Amino acid sequence: MQKVQEAFEIASLRPVDRVYDKSVYSSDEIKDLFLSTIKKQGLLSSILPSIENLMEREIIVPCFASSGLVSLIAYKMFANKVDKMTYAFYHRDNNKIYIFMDNQTKFIFWINNKLLSALVAHELMHYAARNNPNEFIKFFEDDLITYFRRFFYIYGQADVSEDNCKHIVKWIFNSFEKNQAKFDTISEYAKMLDGQLKDSIPMTSDRDLFTKTMLTRILIFLRNSESFVYLAKSDPETSKLVRSLLESYKSFGIGTPSTMAIQELVFPSEVIAILSEKPHAKHLEVIRSI
Ligand SMILES: [Zn+2]
């Protein structure tokens, strides 16, 4: 207890927000450290003023949390790991990006970790998709079409046309990221998919099976992500879906993306977020536009 108290006093931490009913703490020192780390790591240094601005607007919140909260978030797998104690996390309800550190982490670990900038870029793509959707889709529609075409080919041997894929991508993006999903969104999803796959999977029974298998897994994920993780290990059909989603990143030369694959089918910004970990000019431009 004494140690924790001392750590808090040294860093002059104050509560700045609440996440899952627990306080998170920050200080000017942490913010300065965050910015100087981003500057040193190079990846995002050319857009440092934008990052600083996002921090001032409290869209990016570098903070300390109790180890209990950090492990809760890590356990739920909502977060991206920088190291054992640091997580980057876009909280949809709060509409903020938290960079969580365990309050016992030494500053030096953070400074040395090159992954931090990559994961900040990642979470910023999720934020941009939600808050600047028109700009986002304008920039990344082509990448998403490439990814989804590859996915349908690997998972269902379906050669979906660019036009059909464009429709699918836009529909998923609009239904889940741009707007809040509604009660009947999943059945609408099935109907939409059935229509767009008619050319590439002509047999009705094959198409029905494909759509049903895919949508059932999506529904399980949305209801309880932990059950989905269990199924991914134990059910061959679910692991095939996960493998196909991971393999589709090879279109961009990414061998082993660190992602909970399934999110792509609901939040396509995950694909762009993974790509942004090695940012191109357009990722940086979208961050500037937020
Ligand atoms: Zn993500």
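Below, the structure is looked at part by part. (Residues numbered from 1 in each chain as written. Predicted model: local features only at pLDDT ≥ 70, side-chain atom pairs only at ≥ 80, totals over all residues.)

1. What about the overall build of the protein?
Across its full length, the protein holds 14 helices and six strands. Buried positions account for 38% of the 290 residues belonging to the protein. Pairs at least 24 residues apart make up 65% of the contacts formed inside the protein by residues separated by at least 6 positions. (Helix = DSSP H or I, 4+ residues; strand = E, 2+ residues; numbered from the N terminus. Buried ≥ 20, exposed ≤ 12 C-beta atoms within 10 Å, placed from the backbone. Contact = placed C-beta atoms within 7 Å.)

2. Description of the packing of helix α7 (residues 133-156) against helix α8 (residues 162-178)
Interaxial distance between α7 and α8 falls to 9 Å at its minimum, and their mutual angle equals 130 degrees. Judged by the angle between their axes, α7 and α8 are oblique. Here the hand of the crossing between α7 and α8 comes out right-handed. Here α7 contributes Pro133, Ile137, Glu141, Leu144, Ile145, Phe148 and Arg149 to the contact with α8, which in turn contributes Glu162, Cys165, Lys166, Ile168, Val169, Phe173, Glu177 and Lys178. The residue inventory of the contact of α7 with α8, partitioned by class, reads nine nonpolar, no polar and six charged. (Axes fitted to C-alpha atoms, helices over the stretch in contact; angles between N-to-C directions. Parallel < 35°, antiparallel > 145°, perpendicular 65-115°, else oblique. Left-handed = near helix turned anticlockwise from the far one by under 90°. Nonpolar A, V, L, I, M, F, W, Y, C, P; charged D, E, K, R; others polar.)

3. Description of unusual backbone geometry
For residues besides glycine, phi is generally negative; the peptide bonds are generally trans as well. Phi angles above zero are rare outside glycine, and glutamate 58 is one such case at about 60 degrees. Its 13 C-beta neighbours within 10 Å are what place glutamate 58 among the partly exposed residues. Even without glycine at this site, glutamine 157 takes up a positive phi of about 50 degrees. Of note, glutamine 157 is situated in the loop between α7 and α8.

4. A few points about the pairing of strand β1 (residues 14-19)
Pairing analysis gives five bridges linking β1 to strand β2 (residues 22-26), with the strands arranged antiparallel. Paired with arginine 18 across the two strands is serine 23, which belongs to β2. Between β1 and β2, which pair antiparallel one after the other, the connecting turn spans two residues, and tyrosine 20 there sits at a positive phi close to 45 degrees. (Pairing = 2+ DSSP bridges.)

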